[in-house]
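Take a look at the letters that make up each chain.
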Amino acid sequence: MNDRFSIKYFDRTEGMLRTEHVYADGFLHCLYNSRLGNLSNEFVFRQKYVSQLYGWIHNQRFSRGKIAPFMQKMNVNADELICEIEDFTSFNDFFKREIDLSKRPINSNPHACIAPVDGKILAYQSIDP
């Protein structure tokens with residue numbers, strides 16, 4: 001995976017600059033930065049049926065084969081999973097996974113903003129109560 005579509009951010013907890021990788025960055029780079037990509041994006045990928053087809057494909061059992069490679073590329077910690085990778089019914093099912101809260105406890109501070117997702121909040125320097 002290259003860094004064409006990587007997102008650089010400052011991790012306040014660690015006090016260092018980090019890089020958030022974007023899955024399928026090569027495809028996205030072509031889609032948004034080439035004439036052929038722009039045309040295919042305009043006339044194919046923006047169509048509702050393409051999104052529906054993509055969702056249907058990733059709801060099928062055969063899509064489970066994408067889970068392990070995705071976890072590896074995106075550095076998803078398998079130790080936090082409650083069930084085994086083989087137990088997911090589809091690639092989409094993996095995105096609704098439960099995690100072991102003993103390995104990733106929720107902040108109990110009543111003044112903390114909890115965002116229970118595998119992602120980063122990158123847009124706000126501070127949040128006004």
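Residues numbered from 1 in each chain as written. Predicted model: local features only at pLDDT ≥ 70, side-chain atom pairs only at ≥ 80, totals over all residues. Heavy atoms only, no water.

1. Comments concerning the overall build of the protein chain
Phase 1 of the analysis: In terms of helices and strands, the protein chain carries five helices and two strands.
Phase 2 of the analysis: Along the protein chain, helices (α) and strands (β) appear in the sequence β-β-α-α-α-α-α when read from the amino end.
Phase 3 of the analysis: Taking all 129 residues of the protein chain together, the buried fraction comes to 16%.
Phase 4 of the analysis: Expressed as a percentage of contacts within the protein chain between residues at least 6 apart in sequence, the contacts between residues at least 24 apart total 34%.
Phase 5 of the analysis: Accessible surface computed for the protein chain: about 10300 Å², of which carbon and sulfur atoms make up 54%. (Helix = DSSP H or I, 4+ residues; strand = E, 2+ residues; numbered from the N terminus. Buried < 20%, exposed > 50% of the residue type's maximum accessible area, 1.4 Å probe, protein only. Contact = heavy atoms within 4.5 Å. Areas by Shrake-Rupley, 256 points an atom, 1.4 Å probe, with all protein chains shown as cover.)

2. Here's the deal with the packing of aromatic side chains
Phase 1 of the analysis: A complete count under the given rule lists eight aromatic pairs for this structure.
Phase 2 of the analysis: With 5.5 Å between their ring centres and 85° between their planes, Phe-88 and Phe-94 make a pair best called edge-to-face. Here Phe-88 and Phe-94 have matching classes, each one buried.
Phase 3 of the analysis: Relative to Phe-95, the ring of Phe-91 has its centre 5.1 Å away and its plane inclined at 85°; by these criteria the two rings are edge-to-face.
Phase 4 of the analysis: Positioned above the aromatic ring of Phe-91 is the side chain of Lys-66, whose terminal nitrogen or guanidinium carbon lies 5.0 Å from the ring centre.
Phase 5 of the analysis: Between Arg-97 and the ring centre of Phe-94, over which it is positioned, the NZ or CZ distance is 4.2 Å. (Phe/Tyr/Trp six-rings, centres within 6.5 Å; stacked < 30°, edge-to-face > 60°. Lys NZ or Arg CZ within 6 Å of the ring centre and 35° of its normal.)

3. Comments concerning the confidence of the model for the protein chain
Phase 1 of the analysis: Scored by pLDDT, the protein chain has a mean of 86; 88% of the residues are at 70 or more.
Phase 2 of the analysis: Helix 5 (residues 91-94) holds the highest mean pLDDT among the elements of the protein chain, 96, whereas strand 1 (residues 7-11) holds the lowest, 81. (pLDDT = per-residue confidence, 0-100.)

4. Remarks on the pairing of strand 2 (residues 16-20)
Regular strands have side chains that alternate between both faces of the sheet.
Phase 1 of the analysis: Relative to strand 2, strand 1 is paired through five bridges, and the arrangement is antiparallel. Directly across from Tyr-9, in strand 2, lies its bridge partner Arg-18.
Phase 2 of the analysis: From the end of strand 1 to the start of strand 2, which pair antiparallel, there are four residues, and Gly-15 there has a positive phi angle of about 70°. (Pairing = 2+ DSSP bridges.)

5. Re a nonpolar patch on the surface
Phase 1 of the analysis: A contiguous nonpolar patch, built from Phe-27, Leu-39, Phe-43, Val-44, Phe-45 and Tyr-49 and spanning about 630 Å² of accessible area, is present on the exposed surface.
Phase 2 of the analysis: With four residues, helix 2 (residues 35-45) is the largest single contributor of residues to the nonpolar patch.
Phase 3 of the analysis: When you line up the elements, Phe-45 lands in helix 2. (Patch = residues over 30% accessible without salt bridge, like charges linked within 9 Å, V, L, I, M, F, W, Y side chains within 5 Å. Salt bridge = Lys/Arg side-chain N within 4 Å of Asp/Glu carboxyl O.)

6. Focus: the environment of Arg-61
Phase 1 of the analysis: Assignment of secondary structure puts Arg-61 in the loop between helix 3 (48-58) and helix 4 (67-73).
Phase 2 of the analysis: C-alpha separation for the pair Arg-61 and Thr-89, spaced 28 residues apart in sequence, amounts to 5.6 Å.

7. Quick look at the side chain of Arg-97
Phase 1 of the analysis: Topologically, Arg-97 is positioned in the segment after helix 5.
Phase 2 of the analysis: Polar contacts involving the side chain of Arg-97 include one to the main-chain carbonyl oxygen of Phe-94, which spans 3.1 Å. (Polar contact = N/O pair within 3.5 Å; in protein donor to acceptor, adjacent residues only side chain to side chain.)

8. Here we look at the packing of helix 1 (residues 25-33) against helix 2
Phase 1 of the analysis: Contact geometry of helix 1 with helix 2 gives a least axis separation of 5 Å together with a crossing angle of 95°. Accordingly, the angle class assigned to the pair helix 1 and helix 2 is roughly perpendicular. The segment helix 1 lies against helix 2, with Phe-27, Cys-30, Leu-31 and Tyr-32 engaging Gly-37, Asn-38, Ser-40, Asn-41 and Phe-45. (Axes fitted to C-alpha atoms, helices over the stretch in contact; angles between N-to-C directions. Parallel < 35°, antiparallel > 145°, perpendicular 65-115°, else oblique.)

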